[in-house]
Amino acid sequence: MNEPAPLAASQGRTAIVTGGTGAIGTAICRRLVANGMRCAAIGHPGERERLAQEAPDFPVRLADLADATATADAFASLQDELGPIAVLVNAAGITRDARFVKMSDAQWREVMGSNLDSVFHSCKAVFATMCERGFGRIVNISSVNGQRGQFGQANYAAAKAGMHGLTMSLAQEGARHGVTVNTVAPGYVQTPMTAAMRADVLERIVGEVPMRRMAQPEEIADAVAFLCSDRAAYITGALLPVNGGLHMSA
Ligand code: CAA
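Attention here is on the structure that accompanies the text. Keep in mind that what you see is a predicted model, and the values were worked out from it rather than measured.

It is worth spelling out the packing of helix α4 (residues 105–133) against helix α6 (residues 154–174) at this point. Contact geometry for α4 and α6: axes closest at 9 Å, N-to-C directions at 15°. Our classification of the angle between α4 and α6 gives roughly parallel. Classified by chirality, the crossing of α6 by α4 is right-handed. Side by side, α4 and α6 meet where Q107, W108, V111, M112, N115, L116, V119, F120, C123, F127 and C131 of the first sit next to A154, N155, Y156, A158, A159, K160, G162, M163, L166, L170, E173 and G174 of the second. For the contact of α4 with α6, a count of residues per class yields 16 nonpolar, five polar and two charged.

The next point concerns the sheet that holds strand β6 (residues 179–186). In space, the seven strands of this open sheet follow the order β3-β2-β1-β4-β5-β6-β7, with parallel pairing throughout. Two strands close off the open sheet at either side, each with one partner strand: β3 (60–62) and β7 (239–242). With strand direction ignored, the average angle separating the axes of adjacent strands in the sheet is 20°. As paired elements, strand β1 (residues 14–18) and strand β4 (residues 85–90) share five bridges and run parallel to each other.

Once that is clear, we can look at the nonpolar core. One recurring pattern in soluble globular proteins: nonpolar side chains tend to sit buried together. Within the largest apolar cluster, 31 residues are counted, with the highest numbers of intra-cluster contacts made by I16, I42, L88 and I138. Per element, the largest residue contribution to this core is nine residues, and it comes from α4. Excluding its chain neighbours within four sequence positions, the residues that come into contact with I16 are A40, I42, F75, L78, I85, V87, L88 and V89. Among the nonpolar cores identified, the runner-up in size contains 29 residues, and V87, V139, V184 and C228 belong to it.

Criteria and cut-off values
- Residues numbered from 1 in each chain as written.
- Predicted model: local features only at pLDDT ≥ 70, side-chain atom pairs only at ≥ 80, totals over all residues.
- Heavy atoms only, no water.
- Axes fitted to C-alpha atoms, helices over the stretch in contact; angles between N-to-C directions.
- Helix = DSSP H or I, 4+ residues; strand = E, 2+ residues; numbered from the N terminus.
- Parallel < 35°, antiparallel > 145°, perpendicular 65-115°, else oblique.
- Left-handed = near helix turned anticlockwise from the far one by under 90°.
- Contact = heavy atoms within 4.5 Å.
- Nonpolar A, V, L, I, M, F, W, Y, C, P; charged D, E, K, R; others polar.
- Pairing = 2+ DSSP bridges.
- Core = buried A, V, L, I, M, F, W, Y, C linked by side-chain atoms within 4.5 Å.
- Buried < 20%, exposed > 50% of the residue type's maximum accessible area, 1.4 Å probe, protein only.

Structure, rendered in structure tokens:
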């Protein structure tokens, strides 16, 4: 049997990571660059000042991905600079946690816009060209809470569950064109997002994780990099949990 292609077989391909300026997104960008890809991030305009202080080591565009036109412009500009996009990782996301009785319309819409509409807009920007070129990898970063729900996260869990519905549909449409579409569902990861949670609530949840710890962003990036590689050519429409055993399903 032939040797399997190395994970770095994707040499020279262009990858875009939405939310690539966040903790998980940055780890993904670095891993894809280490695997030989050209990688750029799209971050939120609200991050401008922070990014001016700590400039990332890959190209960045700022755009509100909840906005269709802003998303299309950002992708067009990155494509002009880096060439056709072969890999898209949708890692942009926010939380606006509240018990449902207290959740405002604005909290619902903000999360739907940033976590689900954004995926539609980003996929729109690349999917047709990927199909025409006969190759593509799309990985959507969902959450364990999209699989099991979470007290205080009706908006976030709905958006993350919706993301996998989009994954499975696009996977069916892309399969004959060499475009795979998969979901990675992280559990609780050590990031500013979890650091913003009430300490006692976070401690209780981590206590329920069979591995008794949060994930590191790099552990999510490794799963994503595999799905983006040539070695994962026959995996599509799948959901890969990376959650320390917090949620298991057949
Ligand atoms: N199940 C059942 N009851 C619960 C509960 C649960 N999981 N959690 C809390 N309650 C109960 C409490 O015991 C309390 O009951 P009493 O009033 O009888 O004492 C009541 O609900 C109120 O609870 P809170 O004090 O938590 O309510 P709050 O309104 O002050 O806070 C909240 C609401 C901020 C949403 C808080 O519950 C919370 O932080 N929940 C966790 C949300 C979460 O997991 N966010 C993840 C962020 S990171 C992320 O999203 C990344 C990822 O993909 C994992």
